[in-house]
Amino acid sequence: QVQLVESGGGLVQPGGSLRLSCAASGSIFSIGTMGWYRQGPGKQRELVAAISSGGTTNYADSVKGRFTISRDNAKNTVYLQMNSLKPEDTAVYYCNALIRTLYYWGQGTQVTVSS
């Protein structure tokens, strides 16, 4: 009954920016930790950033200083602002949310960084 819908992916040049959004809907009472993962071609899915219900954030070393995770609890939405993008950031980005006692995943959105 819970759905996470992502948007904001696309093609961008190196050094550019994108903002990803993920909105949760359905049988939601409250949302705990939310996060963003990514999976590049031929690679394992990895954590990019996470944010607790209280706003505490964690980032992968590879994106620190470039990416910012945030959330709007009134909209049940988590965002990922991505700046200074590099070709190695190319991946499918997935959002994740802890709702009650279960984790849910979005469908993923493609981010391609290329000239």
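Bringing the overall build of the protein chain into the picture now. Check the secondary structure of the protein chain and you find 0 helices and 11 strands. Its helices and strands in sequence order give the protein chain the pattern β-β-β-β-β-β-β-β-β-β-β, from N to C terminus. In terms of C-alpha radius of gyration, the protein chain reaches 13 Å, essentially the compact-globule figure of 13 Å for 115 residues. Dimensions along the principal axes, computed over C-alpha positions, put the protein chain at roughly 45 × 25 × 25 Å. Of all 115 residues assigned to the protein chain, the portion counted as buried reaches 42%. Sequence-distant contacts, at least 24 apart, represent 53% of the contacts inside the protein chain between residues at least 6 apart.

The alternating pattern of strand E11 (residues 109-113) places Thr109, Val111 and Val113 on a buried face and Gln110 and Thr112 on a face that is not buried. Pairing of strand E2 (residues 10-12) with E11 involves 3 bridges; the strand directions are parallel. Residue glycine 10 lies in a different strand from E11, and its bridge partner there is valine 111. Looking at chain direction, strand E9 (residues 91-99) and E11 are connected through 3 bridges and run antiparallel. Along E11, the bridge assignment pairs alanine 91 with valine 111.

Further remarks concern unusual backbone geometry. Despite not being glycine, asparagine 76 has its phi angle at roughly 50 degrees, a positive value. Counting through the fold element by element, asparagine 76 comes out in the loop between strand E7 (67-72) and strand E8 (77-82). Phi angles above zero are rare outside glycine, and serine 84 is one such case at about 50 degrees.

A separate point is the pairing of strand E3 (residues 18-25). Note that strand E1 (residues 3-7) and E3 share 5 bridges and pair antiparallel. Across the sheet, serine 7 pairs through a bridge with serine 21, a residue of E3. Sheet analysis places E3 next to E8, joined by 6 bridges and oriented antiparallel. By the bridge assignment for E8, leucine 18 is matched with methionine 82.

On to the packing of aromatic side chains. A complete count under the given rule lists 1 aromatic pair for this structure. Here the guanidinium or amino end of arginine 19 rests over the ring plane of tyrosine 79, the centre of that ring lying 4.0 Å away. Positioned above the aromatic ring of tryptophan 105, the side-chain terminus of arginine 45 is 4.8 Å from the ring centre.

Right, let's talk about the state of the cysteines for a bit. Inspection of every chain in the model, using the stated rule, returns 1 disulfide. Sulfur-sulfur distance for the disulfide between cysteine 22 and cysteine 95 comes to 1.9 Å. One end of the pair, cysteine 22, is in strand E3; the other, cysteine 95, is in strand E9, with 73 residues separating them in the sequence. Judged by relative accessible area, which is 0%, cysteine 22 ranks as buried. Looking at cysteine 95, the relative accessible area reads 1%, which means it is buried.

Rules of the game
- Per chain, the residues get numbers from 1 upward, laid out in the order the sequence is written.
- Where local features are concerned, this predicted model is filtered to residues with pLDDT of at least 70; where side-chain atom pairs are given and counted, the filter is 80 or more; whole-chain, interface and lining totals use all residues.
- To get the side-chain values, take all heavy atoms of the structure and skip hydrogens and water.
- Where helices and strands are cited, they refer to DSSP runs of H or I of at least four residues and of E of at least two residues respectively, numbered from the N terminus.
- Put simply, the radius of gyration uses C-alpha atoms, and a globule should come to 2.2 Å times the residue count raised to 0.38.
- When accessible area is computed with a 1.4 Å probe and restricted to protein chains, residues below 20% of their type maximum are described as buried, those above 50% as exposed, and intermediate ones as partly exposed.
- Throughout, a residue-residue contact means that at least one pair of heavy atoms, one from each residue, lies within 4.5 Å.
- By definition, two strands form a pair when at least two bridges between them are found by DSSP.
- Side-chain rings of Phe, Tyr and Trp, where Trp is taken by its six-membered ring, are said to pair if the distance between their centres is within 6.5 Å; with planes under 30 degrees apart they count as stacked, over 60 as edge-to-face, and otherwise as tilted.
- In this analysis the charged atom, NZ for Lys or CZ for Arg, is taken to sit over a ring once it is within 6 Å of the ring centre and within 35 degrees of the ring normal.
- The term disulfide is used for any two cysteine sulfur atoms that are within 2.5 Å.

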